[in-house]
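# Remarks on the overall topology
Letter by letter, the chains look like this.
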Amino acid sequence: MDPLEPAYGTTVMLLIALAAVAALLTLIIVVRLHAFLALVLVSLLTGLAAGIPVADVPEVMLSFFGSTLGSVALLVALGVMLGRILEVTGGAQVLADTLVGRFGEQRAPLALGVAALIFGFPIFFDAGLVVFLPIILTVARRFGGSLLYYALPAAGAFAAMHAIVPPHPGPVAAGTDIGADLGLLLLLGVPVAVVSWYVGVYLFSRFIGARIDVSAADLLFGQARDAEGRTDDERPGGATATTTRTAPSFGVVLGLLLLPMLLISLNTVLSTLIEAGTVEQSTVVDALMLVGNTPVALLITLLVAIALIGSRVGTRDELRGTIDDALGPICSIVLITGAGGMFGGVLRTSGIGEVLTTSLGDLGIPLLLQAFLLATALRVAQGSATVALTTTAGLIASQTADLGGLQLAALVFAIAGGSTVLSHVNDSGFWLVSRFFGMDEKTTLRTWTVMETTLGSVMFACAAVIWVLG
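Here we summarise the structure given alongside this text. Counting restarts for each chain: residues are numbered from 1 in the order of the written sequence. At least 70 in pLDDT is required for a residue's local features to be given in this predicted model, at least 80 for side-chain atom pairs to be given and counted, and no such filter applies to totals for whole chains, interfaces and linings, which use all residues. Note: side-chain values were computed over all heavy atoms of the structure, leaving out hydrogens and water.

It is worth spelling out the overall build of the protein at this point. A count of helices and strands for the protein gives 20 helices and zero strands. Scored against the burial criterion, the 470 residues of the protein give a buried share of 54%. Taking the intrachain contacts of the protein between residues at least 6 apart in sequence as the baseline, contacts between residues at least 24 apart amount to 79%. Only DSSP runs of H or I reaching four residues or more are called helices, and only runs of E reaching two or more are called strands; each is numbered from the N terminus. Whether a residue is buried, partly exposed or exposed follows from its accessible area with a 1.4 Å probe, protein chains only, as a fraction of its type maximum: under 20%, in between, or over 50%, in that order. Any two residues having at least one pair of non-hydrogen atoms within 4.5 Å are treated as being in contact.

The next point concerns the nonpolar core. Counting 133 residues, the largest nonpolar core has Y150, I164, F343, F437 and W448 as the members making the most contacts within it. At 14 residues, helix α7 (residues 148–164) tops the list of elements feeding residues into this core. If near-sequence neighbours (up to four positions away) are discounted, I164 is found in contact with P171, G189, V192, A193, S196, F413, A416 and M459. Throughout, nonpolar core names a set of buried Ala, Val, Leu, Ile, Met, Phe, Trp, Tyr and Cys residues whose side chains join them through atoms within 4.5 Å.

To continue, consider the packing of aromatic side chains. Between the rings of Phe, Tyr and Trp (Trp by its six-membered ring), a pair exists once the centres lie within 6.5 Å; its type follows the angle of the planes, with under 30 degrees stacked, over 60 edge-to-face, and the other angles tilted. Across all of its chains, the model carries nine aromatic pairs by this definition. Linked through ring pairs, W197, Y198 and Y202 together constitute an aromatic cluster.

Helix axes are fitted only over the stretch in contact, all axes being lines through C-alpha atoms; the angle between N-to-C directions runs from 0 to 180 degrees. Taken N-terminus to C-terminus, the directions of α7 and helix α20 (residues 441–469) make an angle of 45°; their axes are 11 Å apart at the nearest point. In terms of orientation, α7 and α20 fall into the oblique class. Remark: the crossing between α7 and α20 carries right-handed chirality. Residue-level inspection shows L148, L152, A155, G156, A159, A160, A163 and I164 of α7 in contact with α20, the latter providing T447, W448, M451, E452, L455 and M459. Roughly parallel means an angle under 35 degrees; roughly antiparallel, over 145; roughly perpendicular, 65 to 115; everything else is oblique. A clockwise turn of the near helix away from the far one marks a right-handed crossing, whereas an anticlockwise turn of less than a right angle marks a left-handed crossing.

Relative to the helices and strands, H424 resides in the loop between α18 (405–420) and α19 (428–436). Residue contacts for H424: discarding those within four places in its chain leaves V21, V380, F430, L445 and T449.

A few words on the pattern of salt bridges. For this analysis, a salt bridge means a side-chain nitrogen from Lys or Arg found within 4 Å of a carboxyl oxygen belonging to Asp or Glu. All told, the structure shown has four salt bridges when counted by the stated rule. For R320, the salt bridge is made with D317, and the minimal N-O distance between the two is 3.2 Å. With R320 and D317 both in helix α13 (residues 316–327) and three residues apart, this pair spans about one turn of that helix. Exposure remark for D317: the relative accessible area of 54% places this residue in the exposed category. In the salt-bridge network here, residues are joined through shared partners; they are R379, D427 and E452.

Phi is positive for R32, close to 65°, though the residue is something other than glycine. In this structure, R32 sits in the loop between α1 (10–30) and α2 (35–49). Here R32 falls in the exposed class, since its relative accessible area comes to 58%. A positive phi is found at L422, a non-glycine position, where the angle reads about 55°. Summarising the element assignment, L422 is placed in the loop between α18 and α19. L422 gets classed as partly exposed once you look at its relative accessible area, which sits at 36%.

See the structure below:
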């Protein structure tokens, strides 16, 4: 649903937005109301208070709840089933052992982050995070200490690539709107993403991990398993020792992780070539793009995993039970994430984002800073980084006619920085991270929200340097 004309003046709309966020945090943190119920309740009250017609409020809520579920539920379900198979067969442990053997124990978080940067080139944030989840948890369980040491570098790498580097939709749309060269965006975007990740994510994870201890939860994959797929109780001498499984080889595990990356890359490359007019659409091209669609790519990967290593889980009934067990714990994650998208959608539809951008656009501040602040305001108001990127680019496009190539690229990176900072309760990604890593809302605000802010701030600093050079 398109945003409505704001029902009230700037001050009133901003107060409604602040009151909505404050009420949500109070209900969740102080009252201890379940996050899903709190999000639904506050979404309803915010829609009514912000002037959305009473008859339209349920439609707005269901529309954004459904659209968020449509993009998240399939990815989470398929990814968790794949992760469960890798976990039970010992495949996750094999990959973790190999990474640690190559990089060393002290560099395990760096290895995870670098791997996520590579995988994050074609894969969206939520899909990449789901696929990498068993690897993150396995490494964290092996070495102990706060999960933040391992989780933030990987999750932050996916966030950085998603915000800055084409062919992700946000930077592509923003670059197209302001007339930036996509090739130059790609050329500069990779080093900007790497620098932003290292300073804003990796170094921050070392700092925050030493101060906040988050244990590696058993929520999604059960107890930790060794390279033979055994838990502590199942090892010799344990309470329920079982027959040793033969773990899949490193090559098989790596191939299963690379398969969705390659398929999604195929979709991305073909989409880019079609938009550039280099390739024409045809039945063959459409079929190739279909198998590279993210949910389809994950489905294919899951089926390949079942074919290659499913027998290592046990009988067909045991395999089915293992997959079924993986789905139960994600119900809460999916519902809360959908409700988070609902809350952000209600704020977006109410026109609060338009009020913020209009008030900031009239301040007469430098264009680069204006772009960053506009994107930040939209990010805070409605939650979606992609919406903040594309909307901000459209708002400032009329002011970019006289800019050179480097300055246009810098402008996109500044917008990306603003659209990254301050991820909070109206962002579906906030809830994914919170639930995947077993953190309560207060801890997620102290860790993920702050990390996203340092990441976005470093992006803006890099943009400022490029702007000056341009």
